[in-house]
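Remarks on the overall topology
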Amino acid sequence: MLLSITSEITPTAWILASIATFIIGLSKAGIKGIAVLNVTIMALAFGARQSTGMVVPLLVLADIFSVIYYNKYTQWKYVFKVLPWMLVGLLIGVFVGNGLPEKFFKIAMATIIIITVGMMFYWDRKKDKNVPSHWSFAGSIGTIAGITTMVGNLAGAFSNIYFLAMRLPKNHFIGTAAWLFLIINIIKLPFHFFVWKTISVESLQLNLMLLPGILLGFFVGVKFIKYIKEAFFRKMILVLTAVGAVLIMLS
């Protein structure tokens with residue numbers, strides 16, 4: 001069965017999926033801001049809706065690596081502040097996203113990506129980095145993050161803004177985000193498997209074949225995270241992500 005499944009995947013899709021899994025590894029190693037690009041590439045390779053479920057097991061595997069490596073830096077109080085709101089948003093996303101037609105789903109995903117890129121660009125350009133720390137801030141950010149993580153695995157930008165507002169040092173940022181998303185992504189699995197039916201035994205087999213890309217990406221990310229020039233890197237990713245979103249919308 002696995003051979004028949006893999007034989008139906010085009011070489012282009014294999015290349016795109018391999019690049020995407022490498023990016024997942026980089027992102028979970030701590031190079032934040034590039035996860036949206038992974039979502040874009042996987043959607044181009046396998047379709048917007050199907051790719052949302054296919055990516056989740058890969059994210060869980062990468063989250064486990066990140067938790068193991070950065071566990072000692074985790075700040076649990078920030079996880080507990082935003083996690084309940086993300087769960088509320090996730091449940092909203094389950095029922096809102098499940099009934100969307102494929103074409104509308106693509107448009108919605110592309111729109112979310114473009115909005116996310118805009119948020120990230122605005123955050124980079126903003127001189128005043130002060131963000132409200134009232135519970136309503138965690139509530140609104142967490143709910144939006146929960147919806148977007150279910151609809152398109154796009155919560156990264158929102159969680160980044162939240163953790164930046166909390167002024168967490170880099171390693172604490174990475175370790176706290178690792179546990180938050182490991183919990184959230186595990187909770188998402190049964191919804192994708194039984195409700196949306198975007199995860200199957202066959203897609204899990206494909207995930208295993210793509211696992212080396214995550215391992216390689218995580219290894220490279222851990223080694224080089226201190227040496228990457230953030231300003232250039234983020235601008236490049238923002239441009240590529242925006243282009244990818246447009247391609248999804250037109251596909």
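Residues numbered from 1 in each chain as written. Predicted model: local features only at pLDDT ≥ 70, side-chain atom pairs only at ≥ 80, totals over all residues. Heavy atoms only, no water.

The name given to the chain in an unreviewed UniProt entry is Probable membrane transporter protein, and the organism recorded there is Maribacter dokdonensis. Here the chain is described in UniProt, under the heading Sequence similarities (unreviewed entry), as follows: "Belongs to the 4-toluene sulfonate uptake permease (TSUP) (TC 2.A.102) family." Regarding the chain, the UniProt comment filed under Subcellular location (unreviewed entry) reads as follows: "Cell membrane". (UniProt positions renumbered as here; feature names shortened; annotations may be inferred.)

**Some words on empty space enclosed by the protein**
Per the stated rule, a full pass over the model turns up one cavity of 30 Å³ or more. Quantified by volume, the largest cavity comes out at close to 300 Å³. Counting residues per element, the ones that place at least two in the lining of the largest cavity are helix 2 (11-29), helix 3 (35-46), helix 4 (48-70), helix 8 (156-165) and helix 9 (170-195). No other element matches the five residues that helix 9 contributes to the lining of the largest cavity. Split by residue class, the lining of the largest cavity holds 14 nonpolar, nine polar and three charged. (1 Å grid on protein atoms, 1.4 Å probe; cavity = no way out; pocket = protein on both sides within 12 Å on 5 of 7 lines; lining within 4 Å. Points joined across faces, edges and corners; volume = space filled by probe spheres on them. Helix = DSSP H or I, 4+ residues; strand = E, 2+ residues; numbered from the N terminus. Nonpolar A, V, L, I, M, F, W, Y, C, P; charged D, E, K, R; others polar.)

**What to know about the packing of helix 7 (residues 135-152) against helix 8**
Relative to each other, helix 7 and helix 8 sit at 155°, their axes nearing to 9 Å. When the interaxial angle is binned, helix 7 and helix 8 end up roughly antiparallel. Every pair of crossing elements has a handedness; the one defined by helix 7 and helix 8 is left-handed. Across the interface between the two elements, Phe137, Ala138, Ile141, Ile144, Ala145 and Thr148 from helix 7 touch Phe158, Ile161, Tyr162 and Ala165 from helix 8. Of the residues belonging to the contact of helix 7 with helix 8, the class tally is nine nonpolar, one polar and no charged. (Axes fitted to C-alpha atoms, helices over the stretch in contact; angles between N-to-C directions. Parallel < 35°, antiparallel > 145°, perpendicular 65-115°, else oblique. Left-handed = near helix turned anticlockwise from the far one by under 90°. Contact = heavy atoms within 4.5 Å.)

**Concerning the nonpolar core**
Counting 42 residues, the largest nonpolar core has Met86, Phe105, Met109, Ile113, Tyr162, Phe163 and Leu180 as the members making the most contacts within it. Those residues within four positions of Leu180 in sequence are excluded, and the remaining contacts are Val79, Val82, Leu83, Met86 and Phe163. Counting residues in each nonpolar core, the second largest holds 29 residues, with Leu58, Ile174, Leu210 and Val222 among its members. (Core = buried A, V, L, I, M, F, W, Y, C linked by side-chain atoms within 4.5 Å. Buried < 20%, exposed > 50% of the residue type's maximum accessible area, 1.4 Å probe, protein only.)

**Some words on the side chain of Ser203**
Within the secondary structure layout, Ser203 lies in helix 10 (residues 201-224). Polar side-chain contacts of Ser203 include one of 2.8 Å to the backbone nitrogen of Ser200. (Polar contact = N/O pair within 3.5 Å; in protein donor to acceptor, adjacent residues only side chain to side chain.)

**Overview of helix 3**
Between its first and last C-alpha atoms helix 3 spans 17 Å; for twelve residues at 1.5 Å apiece the expected length is 16 Å, and the two agree. Helix 3 sits mainly inside the fold: ten of its twelve residues count as buried. Among all positions of helix 3, only Val36, Leu37, Asn38, Val39, Thr40, Ile41, Met42, Ala43, Ala45 and Phe46 are buried. Trailing helix 3 by a residue or two, Gly47 shows a phi angle of about 100°, which is positive. (Expected span 1.5 Å × (residues − 1).)

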